[in-house]
Amino acid sequence: MPVLLASDRAPSLEQLLGIVQKAGLPCSLAPSKEPVPRIQGLGSLLHAGPSELSFLSNQKLKGQLATTEAAAVILTTADYQSLDSEPRFAVVLCEQPYAMYALLAQWFDEHRLNNLPKGIHPTAVVDPSAVVGENVTIGAYTVIEAGVQIGKGTRIGAGCSIGADSVIGEHCLLHARVVLYHQVRMGDRCILHSGAVLGADGFGFAPDPRQAGAWAKISQIGAVELGNDVEIGANTTVDRGALDNTVIANGVKLDNQIMVGHNVHIGEHTAIAACTGIAGSTHIGERCIIGGAAMFSGHLHITDEVQVSGGTAITADIKEPGHYTGVFPFADHQHWQRNAAVLTQLATLRRRLRALERENNNE
């Protein structure tokens, strides 16, 4: 489960293979005397039903092939040849089963979206100066302010607010309650999940000499730019730039509850997991993978193809690609306190050790 299409609308397995092949991923149907099944949906090996397609990408689950009720399973050639007996399911051969599953999940989800109500809801407020493309859907109680441009095929959910002079590309999907402040620009095929806020003011303040301890607000007059195929998770915030723009490049994937500070630049195809915080003016390179709850100080430069483990605090530039970790392992609280106390004395212990070494060398 879940079954996604009614039986009279379910494609044949051969049709689904054609969709994947057209997308550029090689796949084929293994020889079988059984008729090619029609596929109503996708499911895991454990829970897929007799009208669903499943896949094997984790060798730990290989034992489930013997009991799965799936109509068809995506296997690598090696996994198919290692089967002890003729399978009860149709076999799709693909050397990248997980990628094939991802493409088919997109196809099924597109059908789901196409069956949702279309058009502009009568409660939506659309400024007369807004330019709305063909086949755009705008949900209930959404507000589209002056000068907004929305590309064709874009769907904007209920209760969204799109600020003045913002530009949304073609075939984007904004789920309910997304907020774009003024002058946010995004490319095509972007997905923004509920609660995402783009273009809020960055945290910019200067000491105010007129009153001791007071702060004078620095107005944030930059904007936010998103490239194509960007996805931003629920309740993630991307602040606008103070002067230059905050930039999220093509193909970037941001998880839920991430904080992106003002003037941050995130390079193409970088993926960042939940609860990460990125302080202002930090530049993260292309094809980076950032684990959950990582923290980045401001004004840093992180080169391309860097991996950062979850919970790691990055406080200096990273100039070489690689995998970086800075997490102190958890332990029983008292044991952890004793270890932490030792860590604070490392410099002193090092000096004492070097002094002892010198004494031993002199002897």
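Before reading further, recall that the structure is shown in the block above.
The present account deals with the structure reproduced in this document. Predicted model only: the values in this text are computed from it and were never measured. (Residues numbered from 1 in each chain as written. Predicted model: local features only at pLDDT ≥ 70, side-chain atom pairs only at ≥ 80, totals over all residues. Heavy atoms only, no water.)

### Some thoughts on the overall build of the protein
This is how it is decided: Secondary structure follows DSSP: runs of H or I at least 4 residues long count as helices, runs of E at least 2 residues long count as strands, and numbering of each begins at the N terminus. Computation of the radius of gyration draws on C-alpha atoms, with the globule rule given as 2.2 Å multiplied by the number of residues to the power 0.38. The classification of residues rests on relative accessible area computed with a 1.4 Å probe and restricted to protein chains. Under 20% of the type maximum is buried, over 50% is exposed, and intermediate values are partly exposed. Should any heavy atoms of two residues lie within 4.5 Å, those residues are considered in contact. To measure how exposed things are, a 1.4 Å probe is used in the Shrake-Rupley method; for residues, cover is taken only from the protein chains shown. Charged residues are defined here as Lys and Arg on the positive side and Asp and Glu on the negative side; His and the ends of the chain fall outside this count. For charged residues, the charge sits on one atom: NZ in Lys, CZ in Arg, CG in Asp, CD in Glu.
Across its full length, the protein carries 5 helices and 36 strands. Taken over the C-alpha trace, the protein has a radius of gyration of 26 Å; the compact-globule value for 363 residues is 21 Å, which it surpasses by more than 25%. Projected onto the principal axes, the alpha-carbon positions of the protein cover approximately 85 × 75 × 35 Å. Sorting the 363 residues of the protein into buried and exposed places 40% on the buried side. Across the protein, contacts joining residues at least 24 apart in sequence account for 21% of those joining residues at least 6 apart. As displayed, the protein has an accessible area near 20,000 Å², and 54% of this comes from carbon and sulfur atoms. Separation of charge centres in the protein, based on 26 positive and 35 negative side chains, amounts to 4 Å.

### A word on the pattern of salt bridges
Note the cut-off: Note on definitions: salt bridges are taken to be side-chain nitrogens of Lys or Arg within 4 Å of carboxyl oxygens of Asp or Glu.
Enumeration according to the criterion identifies 7 salt bridges in this entry. Across the pair R210 and D208 runs a salt bridge, and its minimum N-O distance is 2.8 Å. Under the relative-accessibility criterion, R210 is labelled exposed at 71%.

### A few points about the packing of aromatic side chains
The description of two aromatic rings rests on the distance between their centres and on the angle between their planes. The line we're drawing: Here a pair means two rings of Phe, Tyr or Trp (six-membered ring of Trp) with centres within 6.5 Å. Their orientation is stacked below 30 degrees between planes, edge-to-face above 60, and tilted elsewhere.
Under the counting rule described, the total for this entry stands at 6 aromatic pairs. With 5.8 Å between their ring centres and 55 degrees between their planes, F55 and Y98 make a pair best called tilted. Here F55 is found in strand β3 (residues 52-55), whereas its partner Y98 is found in helix α3 (residues 97-114), with 43 residues between them in sequence. Judged by its relative accessible area of 18%, F55 falls in the buried class. Each ring, one from F203 and one from F205, has its centre 5.2 Å from the other, and the planes form 70 degrees; the classification is edge-to-face. Members of the aromatic cluster, each reached through a chain of ring pairs, are F55, Y98 and Y101.

### Points about the sheet that holds β3
The line we're drawing: By this definition, two strands are paired if DSSP reports at least two bridges between them.
Sheet architecture is open: 5 strands sit in the order β1-β5-β4-β3-β2, paired in mixed fashion. Here the strands that pair on one side only, and so sit at the sheet edges, are β1 (28-29) and β2 (41-42). As defined by bridge partners, strand β4 (residues 72-75) adjoins strand β5 (residues 90-93) across 4 bridges and the pair is classed as parallel. The partner of L75 across the bridge, within β5, is L93.

### Observations regarding the packing of helix α1 (residues 13-22) against α3
Put simply, the rule reads: Axis lines are fitted through C-alpha atoms, for helices just across the contact stretch, and the angle between N-to-C directions can take any value from 0 to 180 degrees. Any angle that is under 35 degrees is reported as roughly parallel, and any over 145 degrees as roughly antiparallel; angles of 65 to 115 degrees are reported as roughly perpendicular and all others as oblique. Classification used: nonpolar for Ala, Val, Leu, Ile, Met, Phe, Trp, Tyr, Cys and Pro, charged for Asp, Glu, Lys and Arg, polar for all others including Gly.
One can describe the packing of α1 onto α3 by two numbers: an axis separation of 10 Å at closest approach and a directional angle of 110 degrees. Classified by the interaxial angle, the pair formed by α1 and α3 is roughly perpendicular. Of α3, the residues touching α1 (which contributes L16, L17, I19 and V20) are M100, L103, L104, W107 and F108. Tallied by class, residues from the contact of α1 with α3 come to 9 nonpolar, no polar and no charged.

### Some details on the environment of L46
Along the polypeptide, L46 turns up in the loop between β2 and β3. Put simply, L46 and T68 are 22 residues apart on the chain and 5.9 Å apart in space, counted from C-alpha to C-alpha.

### Concerning the sheet that holds strand β9 (residues 143-144)
As summarised here, the arrangement of the 10 strands in space is β6-β9-β12-β15-β18-β23-β26-β29-β32-β35, forming an open sheet in which the pairing is parallel. Here the strands that pair on one side only, and so sit at the sheet edges, are β6 (125-126) and β35 (313-314). By the bridge criterion, 2 bridges tie strand β23 (residues 237-239) to strand β26 (residues 259-260) in an arrangement that is parallel. Paired with V238 across the strands is V260, a residue of β26.

### A closer look at the side chain of T246
Going by this rule: Between N or O atoms, a polar contact is any pair within 3.5 Å; within protein, one atom must be a potential hydrogen donor and the other a potential acceptor, and residues adjacent in sequence are included only when both atoms are from side chains.
Relative to the elements of secondary structure, T246 occurs in strand β24 (residues 246-248). A polar side-chain atom of T246 sits 2.9 Å from the main-chain amide nitrogen of N263.

### Brief notes about the layout of surface pockets
Worth spelling out the cut-off: Only protein atoms enter the 1 Å grid used here. Points where a 1.4 Å probe fits but cannot escape make up a cavity, open sets with protein on both sides within 12 Å along at least five of seven lines make up a pocket, and a residue lines them when an atom lies within 4 Å of a point. Grid points are joined across faces, edges and corners, and a volume is the space filled by probe spheres set on the points.
A volume near 1,000 Å³ is recorded for the largest pocket. Contributing to the lining of the largest pocket are 30 residues, with Q106, E110, L113, H171 and R189 lying nearest its centre. Among the elements of the structure, α1 and α3 are those that each provide at least two residues to the lining of the largest pocket. Ranked by the residues each element gives to the lining of the largest pocket, the list is headed by α3, at 9 residues.

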